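Chain residues, written in single-letter form:
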Amino acid sequence: MPGRRRRRCRRSARARPTSWSIRDETHSLHIAVSRDGYTFTDVNGGQPVLSGRGIAEQQGIRDPHIMRGPDGAFYLSMTDLHIYAQREGLRDTEWERPKATHGWGNNRSLIFMKSRDLVHWTHAIVHVDRLFPETANLSAAWAPETIYDPKARKMMVYYTTRDGAGTEHMVYSYADDAFTTLTRPPQALFAYPKPNVGSIDGDITRIGGKFHLFYVAHERPGHLRQAVSDRINGGYAFDPTPVDPETVGTEAPNLWRRSGTDTYVLMYDVFGAKPNNMGFSETSDFKHFRNLGRFNEPGSPMKATNFAGPKHGAVMSITPAEADRLERHFAAP
């Protein structure tokens, strides 16, 4: 999701950012397209493009992430979770398992989807708790993201988890080529160094020879932090410096590069805002972050033209032809 800026950036004729997010009201997938990386327009008039009722065991999805693999395919991963299922009559209890033993928002599964054209998708529900003996008591499988590991030559999937009512932390595994399951037991990726403080919503981007992990620290004040490593699947050095400029709660960091520039945008879900909104900061050195404000906020270059209340999303560049295909596919008859 993004908008326009007063000082123009060089633009690529080939790159068009797309934003993939959910809304609490629908627990379904939404897509928006931008021609300039600042103004985003929903391809389906603000309505879901994929219903969580039809693809998730809990009949709701959260935390979508999408990336283009080295094979040219698109890899979409999501959390299988509906936080309002009891209210909507989808289950009798607040959560799948008691909150006292398994915590807030407990779930068991991830959703994997793969496409060559952004229109037709494979679909798999990945029951993490059934795959490996050591995951049998997991109480969270949240915010999965995918990145290609060139050493392993596989798609690495990393996500937030916890055991029972324990502390949230991040782990990684590897997906099969068809993107239908995980092939190895999860290994530790990053845990917050302070006891009983959770870390969630990891987002990894390779910048030069370094890997930058942005995540949420569950302390007061919480908000976003950055950790850097020389390798993709571990060794991330803790830095206590807060990254985002918000004074209310944030989560779901997602980093993306402005096409044709050395500038990166860090997007995050400002869940503490009423109503919910997305916030943005720009950086070129990963030490200084310039606040761009929130969608449609006075003075902010970031614009959402036909939607409101987006949550936990991801941005990916696509070609003009791919953007046209998406818009034609979801155009009103």
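Scroll up to find the structure.
A brief look at the structure comes next. (Residues numbered from 1 in each chain as written. Predicted model: local features only at pLDDT ≥ 70, side-chain atom pairs only at ≥ 80, totals over all residues. Heavy atoms only, no water.)

### Details of the pairing of strand S4 (residues 61-68)
Burial of S4 is extensive: seven of the eight residues sit out of reach of the surface. When S4 meets strand S5 (residues 74-80), the two strands line up antiparallel, connected through six bridges. Looking across to S5, one finds that Arg-62 is bridged to Thr-79. Between S4 and S5, which follow one another and run antiparallel, lie five residues, and Gly-72 among them has a positive phi close to 85°. (Buried < 20%, exposed > 50% of the residue type's maximum accessible area, 1.4 Å probe, protein only. Helix = DSSP H or I, 4+ residues; strand = E, 2+ residues; numbered from the N terminus. Pairing = 2+ DSSP bridges.)

### Remarks on the pairing of strand S3 (residues 39-42)
Because side chains alternate across S3, one face comprises the buried residues Phe-40 and Asp-42, and the other comprises Thr-39 and Thr-41, none of which is buried. Linkage of strand S2 (residues 29-34) to S3, two consecutive antiparallel strands, is achieved through a turn of four residues, within which Gly-37 is found at a positive phi near 85°. Pairing of S3 with strand S19 (residues 303-304), which is carried by two bridges, proceeds in the parallel orientation. The residue bridging Thr-39 from the neighbouring strand is Lys-303, located in S19.

### What about the sheet that holds strand S8 (residues 138-149)?
In space, the four strands of this open sheet follow the order S8-S9-S10-S11, with antiparallel pairing throughout. Every other strand in the sheet has two partners, leaving S8 and strand S11 (187-190) as the edge strands with one partner each. Across the sheet, the axes of successive neighbouring strands diverge by a mean angle of 35°, strand direction being ignored. Bridging between strand S9 (residues 154-163) and strand S10 (residues 169-174) involves six bridges; their strand directions are antiparallel. Bridge pairing links Met-156 to Tyr-174 in S10. (Axes fitted to C-alpha atoms, helices over the stretch in contact; angles between N-to-C directions.)

### A closer look at the nonpolar core
Among the nonpolar cores identified, the biggest contains 22 residues, and Trp-20, Ile-61, Met-78 and Leu-118 are the most heavily contacted of them. Ignoring sequence-local partners within four residues, the contact set of Met-78 consists of Leu-29, Ile-55, Ile-61, Arg-62, Asp-63, Pro-64, Leu-110, Ile-111, Met-113 and Pro-144. One finds Met-170, Tyr-172, Leu-213 and Ile-232 within the second-largest nonpolar core, a separate group that totals 18 residues. (Core = buried A, V, L, I, M, F, W, Y, C linked by side-chain atoms within 4.5 Å. Contact = heavy atoms within 4.5 Å.)

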